[in-house]
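So the chains spell out like this:
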Amino acid sequence: MTTATKANSRLEERFRLWDANGNGVIERSDFETEANDIVSRLGAEGSAKGDQLKQAYLAMFDHLAQAAGTQRMSQEQFVQAAEQEIISKGDAGFASVVQPTIQAIVDVLDVSGDGEISPEEMQKWFAAIGLEGAAADRAFSELDTDGSGKLSTAELVSAVRDYHLGRNDIPLLGA
Ligand SMILES: [Ca+2]
Ligand SMILES: [Ca+2]
């Protein structure tokens, strides 16, 4: 599969994931369901940081819905809005649309408060996407592109970008 084809199929997978109730359109309630699920898998229900993560997640919906001009996006409208607002803008698109959500997840997981994610702090996130043991260790090394032993927000945003461009196979935001 070419990288471009893979990127397109990743967006289609993303649509299926986010169409939580399977009615063929993405609505704000789908994002609410997914955000609640992520907050719960990260063990952050009822916390201020968990609420911030939900708000950041819903802001991604608002951004895409505004670009699509509808609160009920079909798969075609969703893929088009995501391409226009995120993929085609490259790093700037991921920085404006995706980074606030990644930062909010980092804030939830960063128990030590150093602004970065250690292998121990990353365990909950990896477990939430089904990565454990040696597979989690390998993924951590792949994501830690500067080899510092910790994951920065920038490294995690790059990883989400690379996944959606078909350059890595680590579905940090689910698959
Ligand atoms: Ca930390
Ligand atoms: Ca690092």
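Up top you'll find the structure we're talking about.
Keep in mind the model is a prediction, meaning the values are calculated, not measured. (Residues numbered from 1 in each chain as written. Chains lettered and ligands numbered in written order. Predicted model: local features only at pLDDT ≥ 70, side-chain atom pairs only at ≥ 80, totals over all residues.)

Some words on the overall build of the protein chain
When helices and strands are tallied, the protein chain shows eight helices and two strands. Considered along the principal axes of its C-alpha atoms, the protein chain spans approximately 40 × 40 × 25 Å. Taking as baseline every contact in the protein chain between residues at least 6 positions apart, the subset at least 24 positions apart corresponds to 53%. (Helix = DSSP H or I, 4+ residues; strand = E, 2+ residues; numbered from the N terminus. Contact = placed C-beta atoms within 7 Å.)

Remarks on the packing of helix 2 (residues 28-41) against helix 3 (residues 48-68)
At a closest axis distance of 9 Å, the pairing of helix 2 and helix 3 adopts a crossing angle of 150°. Two packed elements cross with a definite hand, and for helix 2 against helix 3 that hand is right-handed. Seen from helix 2, the contacting residues are Arg28, Phe31, Glu32, Glu34, Ala35, Ile38 and Val39; seen from helix 3, they are Gly50, Leu53, Lys54, Tyr57, Leu58 and Phe61. (Axes fitted to C-alpha atoms, helices over the stretch in contact; angles between N-to-C directions. Left-handed = near helix turned anticlockwise from the far one by under 90°.)

Some details on the environment of serine 29
In this structure, serine 29 sits in helix 2. The spacing of serine 29 and tryptophan 18 is eleven residues in sequence and 9.7 Å in space, taken between C-alpha atoms.

Describing the nonpolar core
Formed by 44 residues in total, the largest nonpolar core has its most connected members in Leu53, Leu64, Phe78, Ile105, Leu156 and Val160. Elements with a contribution of two residues or more to this core: helix 1 (3-18), helix 2, helix 3, helix 4 (75-87), helix 5 (91-109), helix 6 (119-128), helix 7 (133-143) and helix 8 (153-164). When residues of this core are assigned to their parent elements, the largest contribution, eight residues, is made by helix 5. Among all residues touching leucine 53, those that are not within four sequence positions of it are Ala35, Ile38, Val39, Ala44, Ala104, Ile105 and Val108. (Core = buried A, V, L, I, M, F, W, Y, C linked by C-beta atoms within 7 Å. Buried ≥ 20, exposed ≤ 12 C-beta atoms within 10 Å, placed from the backbone.)

So, helix 7
Among the residues of helix 7, those classed as buried are Ala139, Phe140 and Leu143. Seen along its axis, helix 7 keeps its buried residues to an arc of 105°; they face one direction. Residues of helix 7 that are exposed and point more than 90 degrees away from the buried face comprise Ala134, Arg138 and Ser141. Considering only its buried residues, helix 7 is in contact with helix 6 and helix 8. (Arc of directions from axis to C-beta.)

Thoughts on the environment of asparagine 23
Residue position: asparagine 23 is located in the loop between helix 1 and strand 1 (25-26). Distance in space between the C-alpha atoms of asparagine 23 and serine 158 is 31 Å, their sequence separation being 135 residues.

Considering helix 6
Within the sequence span of helix 6, burial applies to Met122, Trp125 and Phe126. Down the axis of helix 6, the buried set is contained in an arc of 100°. They therefore lie on one face. Residues of helix 6 that are buried make contact with helix 5 and helix 7. Positive phi shows up at glycine 130, right after helix 6, with a value of about 80°.

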